[in-house]
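Analysis of the macromolecular model
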There are 2 protein chains.
Amino acid sequence: MGQTYDLIIIGAGPAGITASVYAARKRLNLMVITRDIGGQAAISGDIGNYTGYQFITGPDLAAKFEEHMRTYGITVKENEEVIEVKKIANAVSVKTDKEPYEARVVIVTSGKKSRELGVPGEREYKNRGISYCATCDAPLFSGKDVAVIGGGNSALDAALQLIKIARRIYIINITPALGGDAIMREKVIGSNIVIVYNNARVAAVIGDKLVKGIRIKREDREETLPVEGVFVEAGLVPNSEFVKDVEKNKLGEIKINSRNETSIPGIFAAGDVTDVPGKQIIIAAGEGSKATLNAFRYLAQTRS
Amino acid sequence: MGQTYDLIIIGAGPAGITASVYAARKRLNLMVITRDIGGQAAISGDIGNYTGYQFITGPDLAAKFEEHMRTYGITVKENEEVIEVKKIANAVSVKTDKEPYEARVVIVTSGKKSRELGVPGEREYKNRGISYCATCDAPLFSGKDVAVIGGGNSALDAALQLIKIARRIYIINITPALGGDAIMREKVIGSNIVIVYNNARVAAVIGDKLVKGIRIKREDREETLPVEGVFVEAGLVPNSEFVKDVEKNKLGEIKINSRNETSIPGIFAAGDVTDVPGKQIIIAAGEGSKATLNAFRYLAQTRS
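One structure accompanies this document, and this report is about it. (Residues numbered from 1 in each chain as written. Chains lettered and ligands numbered in written order. Predicted model: local features only at pLDDT ≥ 70, side-chain atom pairs only at ≥ 80, totals over all residues. Heavy atoms only, no water.)

1. Considerations on the overall build of chain A
Which entries qualify depends on this criterion: A run of H or I in DSSP counts as a helix once it spans at least four residues, and a run of E counts as a strand once it spans at least two, with each numbered from the N terminus. It is over C-alpha atoms that the radius of gyration is taken, and the globule rule equals 2.2 Å times the number of residues to the power 0.38. Residue exposure (1.4 Å probe, protein chains only): buried if accessible area is under 20% of the type maximum, exposed if over 50%, otherwise partly exposed. Contacts are residue-level and defined by heavy atoms, with any inter-residue pair within 4.5 Å sufficient.
Summing up its helical and strand segments, chain A has seven helices and 19 strands in all. For a compact globule of 304 residues, the expected C-alpha radius of gyration is about 19 Å, and chain A comes in at 21 Å, within 12% of that figure. Each principal axis of the C-alpha distribution contributes one length, and for chain A these read about 65 × 40 × 30 Å. Expressed as a percentage of the 304 residues in chain A, the buried residues total 56%. Excluding contacts between residues fewer than 6 apart, the proportion of contacts in chain A whose partners are at least 24 apart in sequence is 60%.

Following this line, the structure appears as structure tokens:
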């Protein structure tokens, strides 16, 4: 098993990285375990609302976050998947797909992943025309017709990235009108290659080895749109299954109080994986800081 | 009286500026009223824990925040002092020392100010050797002996700024050991011009037109330290007196829930003025974002 860490942070998005910087500055014996670095920030397009950067791309901001963390020489286990977090006697056990660890305190900052549409053809054509990351995959669809599924800020963000690349963009939005920030909505609606279908849902993805179209349903009428790319931006689900016994809300988000405490002493949580309202980079970063400050207080109070 | 704004934000520190950027991006009819710009961030020394900037000075970060706000063309009333915020029928009234205003929603981000020591000589020698802002005033004490009153991160920050300038620095700390981040504490303790007095309190500031020394008390013994500068870093008190009727805790901080709602509908609050634990720039910024997102939802739900 080896040593018991003061603190293990699970995840390295804005919340986890900020938590790690604060912990390193307090000289905690610390480890970060994460599947990837940057979280949802790393796959965002253009970011205009991270205070202090008037304009920066998601990958660039994520790179700055990573550099910030690296300057403190923090141990970061990458490409390692946590499969169980569980309270034991006076510590918390963290099992990954590679090794078991132990820490006196754990901060869960594992974020969210894309929600699947759950329609026929979706799994079949994943990575064969269906993408959950416009920043990663938009360049593959140069000059082609594509669909964005969703109607909030992440759908608008995907559309804005595709406007520079695709030939025509259908936005399939389930609600009566697009949501998200006005500043982004105006740019999307102002583009002459964007066609918005409101009150519409995807019924199926069709293709032949690769995506050839989507079937959509509006007011009981079905029609087929010929597209070669489908960008799914239909919300996010929390990566919280591996945290055992803590209270979650019906969305699966880990419930926390204003001190980032979960229902189990010694297990803290921060960022998109929690029930804090507002899934924003600046909010997640602030929450990560708060989680470490409170975890530090907990460590001081329970140190024997 | 003029128009009713959608939103008035009071204060322009990290919380207020972030709140204003989010509100501008949602095209709210918006005004910011503030005494100054940058808040406590603007008078901080070296900042190493604002995620995305490995290292930046307080004034530089505050300048970046201000530029960020200015790009949105937000109306900012500067050097204007709010004297009363009060709920009226379907709006909130905001009275300043210059004019009365009205908004459907107000976000209070007025932050904190330095706590006074409350000892003889303090008011008499304010700006005659006593300072509440090391960033502003440290350069005046080149080659001189000074005292820093306090033992947390802001006292350490003041000491670090003075190490480059002063001849000798006494730290007068009321607790048994210095607090704050280890990374800062080590630098301060490692300096050979710093002398730390723990379990010590200031009894009086003495002088003759200008500060000449402080009388300190340790274990019932009094002694006089000859210093020409006294930097008070003995905590902060919230700027919350002008907000009428909302619930506050015994420190005077405005109580908020996780949606940044105060006890009065239509009045939101964020940042250091609230009871959120952790007075940090990144936390205040995140809270400012959250306040606007929730204020926006409130506006949508109450729009007639």
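2. Observations concerning the packing of aromatic side chains
Just so we agree on the cut-off: The rule is short: rings of Phe, Tyr and Trp, with Trp giving its six-membered ring, pair when the centres are within 6.5 Å, and they are stacked under 30 degrees, edge-to-face over 60, tilted in between. Charge-over-ring placement is defined geometrically: NZ (Lys) or CZ (Arg) within 6 Å of the ring centre, and within 35 degrees of the ring normal.
The full count for this structure, using the stated rule, is twelve aromatic pairs over all chains. Both rings, one in B:Y50 and one in B:F65, keep their centres 5.4 Å apart while their planes meet at 65°; by these two values the pair is edge-to-face. Of this pair, B:Y50 sits in the loop between β3 (46-47) and β4 (56-57) while B:F65 is found in helix α3 (residues 58-70), placing the two residues 15 residues apart along the sequence. Put simply, the rings of A:Y50, A:Y53, A:F65, B:Y50, B:Y53 and B:F65 pair up and form one aromatic cluster. Sitting above the plane of the A:F296 ring, A:K26 keeps its charged end 4.6 Å from the centroid.

3. Let's talk about the packing of helix α5 (residues 153-163) of chain A against helix α6 (residues 182-189) of chain A
Residues and elements named next belong to chain A. The criterion, for reference: For helices, the fitted line uses only the C-alpha atoms of the stretch in contact; every axis is such a line through C-alpha atoms, and the angle between N-to-C directions lies from 0 to 180 degrees. Note that the term roughly parallel is reserved for angles under 35 degrees, roughly antiparallel for angles over 145, roughly perpendicular for angles of 65 to 115, and oblique for everything else. Two helices crossing with the near one rotated counterclockwise from the far one by less than a right angle form a left-handed crossing, whereas a clockwise rotation gives a right-handed crossing.
Where α5 meets α6, the axes come as close as 9 Å, and the angle between the chain directions of the two elements is 40°. Accordingly, the angle class assigned to the pair α5 and α6 is oblique. Read as a crossing pair, α5 and α6 show a hand that is left-handed. The segment α5 lies against α6, with N153, L156, D157, A159, L160 and I163 engaging M184, R185, K187 and V188.

4. What to know about the sheet that holds strand β15 (residues 210-218) of chain A
Residues and elements named next belong to chain A. We apply this condition: Being paired, for any two strands, means DSSP has found at least two bridges between them.
Pairing within the open sheet is antiparallel, and its three strands lie in the order β14-β15-β16. What marks the edges here is a single partner per strand, and that holds for β14 (200-208) and β16 (221-225). Taking the axes of each pair of neighbouring strands and ignoring which way they run, one obtains an average angle of 25° across the sheet. Pairing between β14 and β15: eight bridges, direction antiparallel. From the neighbouring strand, A200 faces β15, where its bridge partner is R218.

5. Brief notes about the pattern of salt bridges
This is how the line gets drawn: We define a salt bridge as a contact between a side-chain nitrogen of Lys or Arg and a carboxyl oxygen of Asp or Glu at a distance within 4 Å.
Taken as a whole and judged by the stated rule, the model has 42 salt bridges over all chains. Residue A:E228 pairs with A:K144 through a salt bridge whose shortest N-O separation is 3.9 Å. Placement of the pair is A:E228 in the loop between β16 and β17 (229-232) and A:K144 in the loop between α4 (134-137) and β11 (145-149), with a sequence separation of 84 residues. Relative accessible area serves as the criterion here: at 30%, A:K144 is assigned to the partly exposed category. The structure contains a network of salt bridges with shared partners spanning A:R25, A:K26 and B:D181.

6. Observations concerning the interface of chain B and chain A
Using the following cut-off: Buried area: the accessible area, evaluated with a 1.4 Å probe, that two parts lose upon being put together, summed over both parts.
Tallying the contact residues gives 41 residues for chain B and 41 residues for chain A. Between chain B and chain A, roughly 3700 Å² of surface is buried when both sides are summed, and carbon and sulfur atoms account for 56% of that area. We note a salt bridge from B:E186 to A:R27, for which the minimum N-O separation is 2.6 Å. For the side of chain B that touches chain A, the elements supplying multiple residues, two or more each, are α1 (14-25), α3, α6 (182-189) and α7 (281-302) of chain B. Among the elements that line the side of chain B that touches chain A, the one with the most residues is α7(B), at nine residues.

7. Brief notes about the relation of the copies chain B and chain A
Selection criterion: Residues below a pLDDT of 70 in either copy are left out; the C-alpha atoms of the rest, at least 70 in both, set the least-squares superposition of the copies.
With an axial shift of 0.0 Å and an RMSD of 0.0 Å, the rotation relating chain B to chain A amounts to 180°. When the rotation and shift are considered jointly, the pair of chain copies conforms to a two-fold rotation axis. Closest to the rotation axis within chain B is the C-alpha of B:G286, separated from it by 2.5 Å. Mapped onto chain A, 100% of the interface residues of chain B are again interface residues, and the two copies thus contact each other with one and the same surface.

8. A closer look at the state of the cysteines
Residue and element names in this part refer to chain B. The line we're drawing: Only a pair of cysteine sulfur atoms within 2.5 Å counts as a disulfide in this structure description.
One pass over the full model with this rule turns up two disulfides over all chains. Disulfide pairing is shown between C133 and C136; the S-S distance is 1.9 Å. Every disulfide takes its handedness from the sign of the S-S torsion; for C133 and C136 that torsion is 75°, giving right-handed.

9. So, α6(B)
All buried positions along α6(B) are accounted for by B:A182, B:I183, B:M184 and B:V188. Along its buried surface, α6(B) packs onto α1 (14-25) of chain A together with α5 (153-163), β12 (168-172) and β13 (194-197) of chain B.

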